[in-house]
Amino acid sequence: MTTSTILPHLTVQPHTAAQLSTDSEEHSEDDLSVPPSNPPHLLNMNHSNNNEEEKDKGEKEKEKEKEKEKEKEKEKEKEKEKEKGKPEDKDRPKELFVINPAGSLYYNWLFIITLPVMYNWTMIIARACFEELQHNYIIYWVILDYTSDLIYLADMFVRTRTGYLEQGLMIKDEKLLKDRYISSFQFRLDAVSMLPTDILYLYYGLDYPEIRINKLLRIGRMMEFFTRTETKTNYPNIFRIANLIMYILIIIHWNACFYFSFSKFIGFGADDWVYPALDDPEEPEFGQPMRKYAFSLYWSTLTLTTIGETPPPALDSEFFFHVIDFLVGVLIFATIVGNIATMISNMNAAQAQFQTRIDNIKQYMQVRKVSKELELRVIKWFDYLWNNGKAQDEREVLRYLPDKLKAEIAIQVHMETLKKVRIFADCEAGLLIELVLKLRPQVFSPGDYICKKGDIGREMYIIKDGKLAVVADDGVTQFVVLGSGSYFGEISILNIKGSKAGNRRTANIRSIGYSDLFCLSKDDLMESLTEYPDAKGMLEDKGRQILMKDNLIDLDPANIMPEAKELEEKVNKLYNSMEMMQTKLKKILGNYKNTDTTLRHRIADLEHLTGEEVEDEDEEEEEVKKEEKDIEGEEKEDEILEEREGDRGKKEDEKKEEGQVEEAQSGEKKDEETTEKKK
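Residues numbered from 1 in each chain as written. Predicted model: local features only at pLDDT ≥ 70, side-chain atom pairs only at ≥ 80, totals over all residues. Heavy atoms only, no water.

**Student:** Is there a simple way to think about the overall build of the chain in this case?
**Tutor:** When you go through the chain residue by residue, the secondary structure sums to 24 helices and ten strands. For the chain, buried positions account for 27% of its 679 residues. Taking all contacts inside the chain whose residues are at least 6 apart in sequence as the whole, residues at least 24 apart take part in 70%. Of the roughly 48,200 Å² of accessible surface on the chain, a fraction of 56% belongs to carbon and sulfur atoms. (Helix = DSSP H or I, 4+ residues; strand = E, 2+ residues; numbered from the N terminus. Buried < 20%, exposed > 50% of the residue type's maximum accessible area, 1.4 Å probe, protein only. Contact = heavy atoms within 4.5 Å. Areas by Shrake-Rupley, 256 points an atom, 1.4 Å probe, with all protein chains shown as cover.)

**Student:** Which parts of the structure should I look at to understand the nonpolar core?
**Tutor:** The nonpolar side chains of soluble globular proteins are, as a tendency, buried together. Among the nonpolar cores identified, the biggest contains 32 residues, and Phe226, Cys257, Tyr259, Trp273 and Phe321 are the most heavily contacted of them. For this core, the elements supplying multiple residues, two or more each, are α5 (104-129), α7 (138-160), α11 (219-232) and α12 (236-266). Broken down by element, the residue count for this core peaks at ten residues, all from α5. Leaving out residues up to four positions away in the same chain, Phe321 has contacts with Asn255, Phe258, Tyr259, Phe262, Trp273 and Trp299. Judged by nonpolar contacts, the second largest core, of 29 residues, contains Met415, Leu432, Ile462 and Leu525. (Core = buried A, V, L, I, M, F, W, Y, C linked by side-chain atoms within 4.5 Å.)

**Student:** How do you make sense of the pairing of strand β10 (residues 515-521) when you look at a structure like this?
**Tutor:** Consecutive side chains along a regular strand alternate between the two faces of the sheet. Of all seven residues in β10, seven are buried; the element is thus mostly enclosed. Here β10 shows no split at all, with Ser515, Leu517, Cys519 and Ser521 on one side and Asp516, Phe518 and Leu520 on the other all buried. Where strand β3 (residues 440-444) meets β10, five bridges bridge the pair, whose relative direction is antiparallel. Bridge pairing links Phe444 to Ser515 in β10. Sheet analysis places strand β5 (residues 459-465) next to β10, joined by six bridges and oriented antiparallel. What sits directly across from Glu459, in β10, is Ser521. (Pairing = 2+ DSSP bridges.)

**Student:** Which parts of the structure should I look at to understand the pattern of salt bridges?
**Tutor:** Overall, the coordinates contain 21 salt bridges when judged by the stated rule. Among the salt bridges present, the one from Asp155 reaches Arg159, with a minimum N-O distance of 3.7 Å. Here Arg159 and Asp155 lie together in helix α7, a separation of four residues that amounts to about one turn. The partner of Glu224 in a salt bridge is Arg228, with the nearest N and O atoms 3.5 Å apart. Here Glu224 pairs with Arg228, and both are found in helix α11, just four residues apart, close to one helical turn. Taking relative accessible area as the criterion, Glu224 reaches 21% and is therefore assigned partly exposed. Salt bridges linked by common partners bring Asp155, Arg159, Asp190, Arg218, Arg221, Glu224 and Arg228 together as one network. (Salt bridge = Lys/Arg side-chain N within 4 Å of Asp/Glu carboxyl O.)

**Student:** Help me understand the pairing of strand β9 (residues 508-511), please; the structure alone is not making it clear to me.
**Tutor:** Sheet topology places strand β4 (residues 449-451) next to β9; two bridges connect them, and they run antiparallel. Considered in β9, the bridge of Cys451 is made with Ile509. Two elements, strand β6 (residues 468-471) and β9, share four bridges in a ladder whose sense is antiparallel. Across the sheet, the residue bridging to Val471 is Asn508, located in β9.

**Student:** Can you walk me through the packing of aromatic side chains in this structure?
**Tutor:** What characterises a pair of aromatic rings is the spacing of the ring centres plus the angle enclosed by the ring planes. Overall, the coordinates contain 34 aromatic pairs when judged by the stated rule. With a centroid separation of 5.8 Å and 80° between ring planes, the pair formed by Phe286 and Phe295 is classed as edge-to-face. An aromatic cluster is defined as three or more aromatic residues linked by ring pairs; in this entry it consists of Phe130, Phe260, Phe268, Tyr275, Phe286, Tyr293 and Phe295. The side chain of Arg218 reaches across the aromatic face of Tyr152, ending 4.6 Å from its centre. (Phe/Tyr/Trp six-rings, centres within 6.5 Å; stacked < 30°, edge-to-face > 60°. Lys NZ or Arg CZ within 6 Å of the ring centre and 35° of its normal.)

**Student:** Looking at this structure, I do not really get the sheet that holds β6. What am I missing?
**Tutor:** Strand pairing within a sheet occurs via backbone hydrogen bonds; the two strands may be parallel or antiparallel. The strand order β4-β9-β6-β7 describes an open sheet built from four strands, whose pairing is antiparallel. Bordering the open sheet on either side are β4 and β7 (478-482), each of which pairs with just one other strand. In this sheet, adjacent strand axes meet at a mean angle of 30° when their direction is disregarded. (Axes fitted to C-alpha atoms, helices over the stretch in contact; angles between N-to-C directions.)

**Student:** Whenever I open this one, the packing of α5 against α7 confuses me. Can you help?
**Tutor:** Describing two packed helices takes the angle between their axes plus the distance from one axis to the other. Relative to each other, α5 and α7 sit at 140°, their axes nearing to 10 Å. Accordingly, the angle class assigned to the pair α5 and α7 is oblique. Both α5 and α7 take part in a crossing whose hand is left-handed. Every residue of α7 that contacts α5 at Trp109, Ile112, Ile113, Pro116, Val117, Tyr119, Asn120, Met123 and Arg127 is listed here: Trp141, Leu144, Asp145, Ser148, Ile151, Tyr152, Ala154, Asp155 and Val158. Considering only residue class, the contact of α5 with α7 consists of 13 nonpolar, two polar and three charged. (Parallel < 35°, antiparallel > 145°, perpendicular 65-115°, else oblique. Left-handed = near helix turned anticlockwise from the far one by under 90°. Nonpolar A, V, L, I, M, F, W, Y, C, P; charged D, E, K, R; others polar.)

**Student:** Help me understand unusual backbone geometry, please; the structure alone is not making it clear to me.
**Tutor:** Most peptide bonds adopt trans geometry, and most residues besides glycine take a negative phi value. In this model, Lys369 sits at a positive phi of 60°, which is unusual for a non-glycine residue. Along the chain, the position of Lys369 falls in the loop between α15 (349-367) and α16 (372-387).

**Student:** Please clarify how a negative patch on the surface should be interpreted in this entry.
**Tutor:** Where like charges cluster on the molecular surface, the negative patch consists of Glu61, Glu65, Glu69 and Glu73. Residue position: Glu65 is located in helix α4 (residues 40-91). (Patch = residues over 30% accessible without salt bridge, like charges linked within 9 Å, V, L, I, M, F, W, Y side chains within 5 Å. Lys, Arg positive; Asp, Glu negative; His and termini not counted. Charge placed at Lys NZ, Arg CZ, Asp CG, Glu CD.)

**Student:** What's the story with the sheet that holds β10 in this structure? I'm lost.
**Tutor:** Read from one edge to the other, the open sheet built from four strands follows the order β3-β10-β5-β8, with strand pairing classed as antiparallel. Both outer strands of the open sheet, β3 and β8 (487-488), are each paired with one neighbouring strand and no more. Relative to β8, β5 is paired through two bridges, and the arrangement is antiparallel. Considered in β8, the bridge of Tyr461 is made with Phe488.

**Student:** Help me understand a nonpolar patch on the surface in this model?
**Tutor:** Residues Leu200, Tyr203, Tyr204 and Tyr208 make up a contiguous nonpolar surface patch of roughly 470 Å² in combined accessible area. With respect to the helices and strands, Tyr203 occurs in helix α10 (residues 201-204).

**Student:** Teacher, can you tell me more about α15 here?
**Tutor:** Quick reminder: α-helices carry 3.6 residues per turn. Residues three or four places apart thus point the same way. Taking 1.5 Å of rise per residue, 19 residues should cover 27 Å, and α15 covers 27 Å from first to last C-alpha, within 8% of that figure. Residues Phe354, Ile358 and Met365 constitute the buried set of α15. Seen from one end, α15 has its buried residues packed into an arc of 40°, which puts them on one side. Exposed positions of α15 whose direction lies more than 90 degrees from the buried face are Gln353, Asn360, Gln363, Tyr364, Gln366 and Val367. (Expected span 1.5 Å × (residues − 1). Arc of directions from axis to C-beta.)

**Student:** What is the right way to read the environment of Arg240 from this model?
**Tutor:** On the secondary structure map, Arg240 appears in helix α12. Residue class for Arg240 comes out partly exposed when judged on its relative accessible area of 28%. Along the chain, Arg240 and Met343 lie 103 residues apart, while their C-alpha atoms are 7.7 Å from each other. Aside from chain neighbours lying at most four places away, what touches Arg240 is Glu230 and Met343.

Structure (structure tokens):
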């Protein structure tokens, strides 16, 4: 019954039928179970509200669809841009990988190429002279030989990719790098070292490894590695000694191989000079490979170093060989002695220089008869410097560096210390860099006074390491102990007007133990502040604030006395301004006279033209002469006055000298009278 009464009033629009059908499926029972007492128009209102909600949902869905379409369009545009960019990227040439000759990669490659060079320089000659060494390990030699050849080939490729500097820039052009390498003399040596001489093994056999002698031409790479290592290492003198010993051992090794081959050419055991016979039943060990090399190396060492005695040669060829060995030995011995002497002197150069400084001071103290206690303190101070590595003068060490590198080193060493000072905390970076370069390290011994009360403050101090004590006048009572990072004396070097202490020290500061301090002088600070006037004003304001906190400043302008330097500067400025005014007045007077004469001439010309009476030119000239005479008279009067003042000063000086002479004569007379009275 309820449904029949309600259904006639339901009016559904055709475009909302689908939506209502879905709603009716979800809420079929709830929507239809309406009480009969409800009026029909309420149902129409409910349906209108549902229609509005459905419209809102539709609009939101449309907005979402539009946003999705926009996102899709953006993605398509990005894909199109990527597709456009791809051919551009393809057209661009790829950046060539170039090895920087100053980099670590190049240095590591030099180490790799040095290994096959060392192998070839030591083993080719040994395998050629000692046949057992070649036959017994032929497989290993083949592997090592061709591995070294591959490394040699890779080294040629590395050379074509090694950049070089032109006008300070790294050249990375592939054609330029190849052309530079191919046109160099090193390319010819590398090409000769890569010639396939191993083909001759097919003709001569495997008993002739000396056909690979062309592989020794890469020795330049080994030398380059040694020179770079010498500059990179922190122990260059030790490396030089080791390098020298290696060269000597290689020369002795080659000489031993030549001696064995020469003995083989003459005949083993032919005389006492050559290598003993291999088939001697009394000494069979001379036929062993190890004994062959060891005996030859021993003979070569004795001959080249000229230390021991060897059997005399018997044949002419042996004499010539022995003479050549002696000459080479003399050169080797001379190089050994000379190089080791210079290396040892270089190793001890700093110590020797420091020791001469101590000796000079000791001699000075002995001549001036300084007390033993003070002399002992000076020696202990020098010992502390040397034992703690503080004997070097920073400015002397860094003087060869450019200013930028000096500044970078000083920033890393001293910047943190300088920033601890309150007045420098907010200063410009440029000013801090200038001040960092002017910091000077100083070392104080136990009991040394850094400053005393009443001293003129010409520098400020920053404690890097050590302990300082603020002591009373007796030097024993300690008020405060200052540690690393503390600073003092910053107010005195600013010379702030109105400071009650002025530029005087207000406390006694003494070093408890050995202390390392950084010193910044007043002159250096003022020199730096001339280029930073804003920073100067800021520092003075900070200094005034610090003095006001400690009640050490007098703000009454009547009590603030100007400095002598400021007064001198003001007086000099006044003099300069007066001179400028005088020169300007002279110019104005000169221009006035010129214009006056020109005007008079014009007036005279006009009077001539009009026929009026003209004043005589003689009268005009006389007036001009009178004016000039008046000016000259005034100048002469000024000169006379100056001369009179000078004469007065001279007369006063002469009177003073005469009075002094009379006083001296009266004193002498009195002395004579007293002596006569005594007699």
